[in-house]
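A closer look at the structure
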Amino acid sequence: SPNFSSPSCALILGPEAVGVTPSPNAPKRRSASQNVAGADLRLGNLASFEIKGWDFAVSYAVYGILGGSLDLTLVGTYLESYEYDAGPGYPALDLAGSFGTEPYLGQVPAAFPEWKANITSTYSRQNWGVSYLLRWLDGVDDITGSDCGLSCDVDAYFYHDLNGYFDWGNTTFSFGVRNLFDKDPPYVTNYADMNTLSLNYDTSGRYFYTGISMRF
């Protein structure tokens, strides 16, 4: 059988391609002499992130409690450092334990608590179960310091969630409530129009949900 080879091509940029503004009268980013122009010469990505921390989880189960079982789970994170280096000559910015503009997402404000943990307790029997979830975020301070404005810190936050399910034949009914006590998000100064940290804290308040799933 015959052999086929894919054609190849290469674009060689001359010195005119770099640092020369394309001519408005020439098509497809070319100079007045019809050579490729407007190439942006860069050495590479100069910014870098270095993140250190620990994740941990502990589970414990007790069986035979009123005919059911109790499961306890702790899942947590310790953020030792979250360093952003914009490039040579710039000081590294450590966001661990602080809140400020998220470098990776641009102008989006975010919190970086050193400690976060979820504690879940679930009681279940043969065809039903109920769970309670405690969400905890450690306190954070504004990365800009005391000149941040009216609100320069956020205390530790606790959220409480409940959910449950009930099996009836091949159908499962689920229900729950998130942010049980309708806790408001923290107020922080000069961070987007909402003046809060929507990536980390609930902004919709308490809400209920239900669901139905069927197995065939």
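I will try to describe carefully the structure that is included in this document. (Residues numbered from 1 in each chain as written. Predicted model: local features only at pLDDT ≥ 70, side-chain atom pairs only at ≥ 80, totals over all residues. Heavy atoms only, no water.)

1. Overview of the overall build of the chain
Of regular secondary structure, the chain possesses 0 helices and 12 strands. Ordered by position from the N terminus, the helices and strands of the chain form the series β-β-β-β-β-β-β-β-β-β-β-β. Taking all 216 residues of the chain together, the buried fraction comes to 27%. A sequence separation of at least 24 residues applies to 54% of the contacts in the chain between residues at least 6 apart. In the structure as shown, the chain presents an accessible area of about 14,900 Å², 56% of it carried by carbon and sulfur atoms. (Helix = DSSP H or I, 4+ residues; strand = E, 2+ residues; numbered from the N terminus. Buried < 20%, exposed > 50% of the residue type's maximum accessible area, 1.4 Å probe, protein only. Contact = heavy atoms within 4.5 Å. Areas by Shrake-Rupley, 256 points an atom, 1.4 Å probe, with all protein chains shown as cover.)

2. Thoughts on the pairing of strand 12 (residues 207–214)
The buried fraction of strand 12 is low, at 0 of 8 residues. In this sheet, strand 12 lies alongside strand 11 (residues 171–178) in antiparallel orientation, the contact comprising 8 bridges. Bridging from a neighbouring strand, Val177 pairs with Phe208 of strand 12. (Pairing = 2+ DSSP bridges.)

3. Notes on the packing of aromatic side chains
With the rule as written, the count across this model stands at 8 aromatic pairs. Measuring from centroid to centroid gives 5.7 Å for Tyr123 and Trp128, while their planes differ by 55°, and the two rings are tilted. Note on Tyr123: relative accessible area 18%, which makes it buried. When the centroid spacing of 4.9 Å and the interplanar angle of 65° are considered together, the rings of Tyr157 and Tyr201 count as edge-to-face. In this pair, Tyr157 is assigned in strand 10 (residues 157–168) and Tyr201 in the loop between strand 11 and strand 12, connecting sequence segments 44 residues apart. Each member of the pair, Tyr157 as well as Tyr201, carries the same accessibility label: buried. Within the aromatic cluster, the residues linked to one another by ring pairs are Phe49, Tyr82, Tyr84 and Phe112. If you follow Lys183 out to its NZ or CZ, it ends over the ring of Tyr157, 4.6 Å from the centre. (Phe/Tyr/Trp six-rings, centres within 6.5 Å; stacked < 30°, edge-to-face > 60°. Lys NZ or Arg CZ within 6 Å of the ring centre and 35° of its normal.)

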